[in-house]
Structure formats: C-alpha cells, structure tokens
Amino acid sequence: MKFSLSELMSMAMAEGQKARLHAPPNPWVGALVVDPRGVIVGEGHTQAPGESHAEVEALRRAGANARGATMIVTLEPCCHVGRTGPCAEAIIEAGVARVVVGMIDPDPRVSGRGIELLKASGVDVEVGVEGDAVRAQLAPYVWHRVTGRPFVVVKIASTLDGVVAMGDGTSQWITGAGARRDAHVLRAQSQAILVGAGTVRSDDPALTARVDDIVLEPLRVVLGRAPENARVRPCVELSGDLGLILDDLGGRDVLQLLVEGGPTTSAAFLGEGLANHVVWYVAPAFAGDEGTLSALHGLSTPTMEALRRGRIVDVQRVGEDIRIDVEV
C-alpha cells in the first residue's frame, strides 16, 4: 500500500513526537526513508543533544535501501557542524534521490541552506507538505529561534466559574487525578517552570515532572525570593521586567516556559502580552465569589475593546475535567 505525502509526513511527525521530552534544545524532528515501491525502510527521531539527528537515525535503519529512496522529514536538514555532522551531507552520501520537507528551519545557521545544498547535489526537494501542522508541533522551537525567548505556556486549573482558591485559601485539589497527570506531561515538555514567590510560600511545590514513574526536573524559576527550606530549591530566582526575564531564560536554552504560578503571575504574563498559549483545566465544580480567588486576579479590562481574545485550538476531556488549549 502506497501512502500519500501528507500521510507520510503525519507519520514522520508521530516519529518526531517521540523526541519531545529529550531532544531540547534541539527540535524534536521525525524522518522516514521510503523506497521506490512506497515501502518505509527506515525511520528515526532526534536523539538527546550531542547524539544523532532524525535523518541520520532513519538512514542508519534504511542502510543500503536509502539509495534512490525518498526521505520524508519534518524540518529542513541541517547543513552546519554542531555537536553532530551536517544531516544534508549524510543524505547526499547515502544516495537519497528525493527529500520532502515539512518546513524550513528558522535557525539562521540553516534557514534554507540545507535545501540549497541538497539541490546543488542533484537531490529533488519539495518543501511545505503539512507545513502548518509541523509548524504547530515545533512552535516552541520556532518561537525561540525567531525571538530568542521561550514559548510561554500559562497553565491554570480552576472551577467552572474560574476560581483557583477557596475562602480559606486552599487550592489542592480542584481538578482530578487525570488532569494532574496530564499537567505533569506539560511540565516534562517544558525546559523551565515559573512560579511566583507567593505560590512557593503558600503551596511549597516541588515543581518536578512525573511521567510513567520517571521523575524529570526542569529548571525551576521563582519570581522573587523562595524560602531557604522550600522544596523548589535549587532554583533560579529572578525579578524585574518580565521581558528581560524571558530574554534571560531564552539564553539558557529554554524553548518552552511553563508559567504555573498563582493568579497574579498568570495575569501579569497575559496582561503584558507575553503568553503564547494557555492550557486551562476546568473542573465541574462551582465556588462562587465570596472570599474566593479568581484565576486571573488583578488583570484589569476596562472596556470591551480591551478584552483579550485568543483562539481555541483544542478541547479534550481529561478524566472528569476538561482541558482547553488557547492560542493568545
């Protein structure tokens, strides 16, 4: 059975997703090698930094079958020497006849040069297959390479009427176990987690990510000073202009920053237009406004014209709760 290019690119994206947790600060790329009969003879995804890229992994598995074959790869093959050799040269040396690319790499060290090298060596190249889907999958990497800042995800868990803490100050747990497990995956996909010092004092979070019994430790960032005995330590303590803080974290190779602080911190990032994405977990519960704390306490919207609007890109049920993904 022969697959369409769109189907093959979707398969390459699924392969790339396997690298989501370990590839950063490199992009989580997937690649396939397809022989002239339409049979997939090799597949691969980006390994840990310093190890092989997706294209090399796919070529290794394809072996001699790569000669005269087509490579499907989500991101433009690199053409520079970094921790590993250039993937474009490996493709040429393997005798691949055609390369189908999801999107051009925005990294200025590549940015079309990999395509040019392939074409100059007689390789047929097609760019843009499922480009929007690939760009969405690699959004944190793309944003970081273009702006130098991390892609900011604000995570909120609230009641249906938008409350995050009750009248007595308690906030654990509004959502159920399924939503909390899902949030740990979100943590694991982020290279840093940011909270305010107030959240550290009230909740004393560890800010680790637990996925399939594996504990990961993203960089922990506190706005202000954390108590000396706080579980969040060791952490990075930053204060001042949020834009400069994002510049700092971008320089530390943080591709995705998860803002998991309290309402004031979340409101600050949204109010200053510094959030890229909101993940909002909603529990089927009601708290009212008497003495409770709203999810975006302190965010001011004086007029309807000033209302901040986003675009809902996904809604899914997670256990008994709902996860809503919003581009902002």
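To be clear, the structure that these remarks concern was listed above.
Please read these numbers as outputs of a predicted model, since none were measured by experiment. (Residues numbered from 1 in each chain as written. Predicted model: local features only at pLDDT ≥ 70, side-chain atom pairs only at ≥ 80, totals over all residues. Heavy atoms only, no water.)

A. Looking closely at the nonpolar core. Ranked by size, the top nonpolar core spans 41 residues in total, and within it Val33, Leu59, Met71, Ile72, Val96 and Val99 carry the most contacts. When contributions to this core are tallied by element, the ones reaching two or more residues are helix 1 (5-17), strand 1 (30-34), helix 2 (54-62), strand 3 (70-75), helix 3 (87-93), strand 4 (98-103), helix 4 (113-120) and helix 6 (139-147). In this structure, Leu223, Val254, Val259 and Ala295 belong to the second largest nonpolar core, which totals 24 residues. (Core = buried A, V, L, I, M, F, W, Y, C linked by side-chain atoms within 4.5 Å. Buried < 20%, exposed > 50% of the residue type's maximum accessible area, 1.4 Å probe, protein only. Helix = DSSP H or I, 4+ residues; strand = E, 2+ residues; numbered from the N terminus.)

B. Layout of the sheet that holds strand 1. Spatially, five strands are ordered 2-1-3-4-5 in an open sheet, and the strand pairing comes out mixed. Each edge of the sheet is formed by a strand with only one pairing partner; in this case those strands are strand 2 (40-45) and strand 5 (124-127). Each strand of the sheet is rotated relative to its neighbour by a mean of 15 degrees, with strand direction disregarded. Across four bridges, the pairing between strand 1 and strand 3 is antiparallel. Bridge pairing in strand 3 links Leu32 to Ile72. Set on the sheet, helix 4 makes contact with strand 4 and strand 5; between it and strand 5 the angle comes to about 150 degrees. (Pairing = 2+ DSSP bridges. Axes fitted to C-alpha atoms, helices over the stretch in contact; angles between N-to-C directions. Contact = heavy atoms within 4.5 Å.)

C. Seen up close, the environment of Arg187. Residue placement: Arg187 occurs in helix 7 (residues 177-188). Placed 72 residues apart in sequence, Arg187 and Val259 show a C-alpha to C-alpha distance of 9.7 Å. Those residues in contact with Arg187, other than ones at most four positions away along the chain, are Ile193, Leu207, Thr208, Ala209, Pro218, Leu258 and Glu260. Among the polar contacts listed, one links the side chain of Arg187 to the backbone oxygen of Thr208, at a separation of 2.6 Å. Only 3.0 Å separates the side chain of Arg187 from the side chain of Glu260, close enough to count as a polar contact. (Polar contact = N/O pair within 3.5 Å; in protein donor to acceptor, adjacent residues only side chain to side chain.)

D. Expanded view of the pairing of strand 5. Across four bridges, strand 4 lies against strand 5 in parallel orientation. Of the residues in strand 5, the one forming a bridge with Arg98 is Asp124. This β-α-β element, strand 4 to helix 4 to strand 5, shows right-handed connectivity. (Right-handed = clockwise from strand over helix to strand, strands pointing away.)

E. Structural detail: helix 10 (residues 263-271). Those residues of helix 10 that fall on the buried side of the exposure criterion are Pro263, Thr265, Ser266, Ala267, Phe269 and Leu270. With its phi angle positive at about 70 degrees, Gly273 sits one or two positions after the end of helix 10.

F. The arrangement of the state of the cysteines in detail. Applying the stated criterion to the full structure yields zero disulfides. Its sulfur unpaired, Cys79 is 7.0 Å from the next cysteine sulfur, which belongs to Cys78. Unpaired in terms of disulfides, Cys87 finds its nearest cysteine sulfur in Cys78, a separation of 3.7 Å. For Cys87, a relative accessible area of 1% puts it in the buried group. (Disulfide = S-S within 2.5 Å.)

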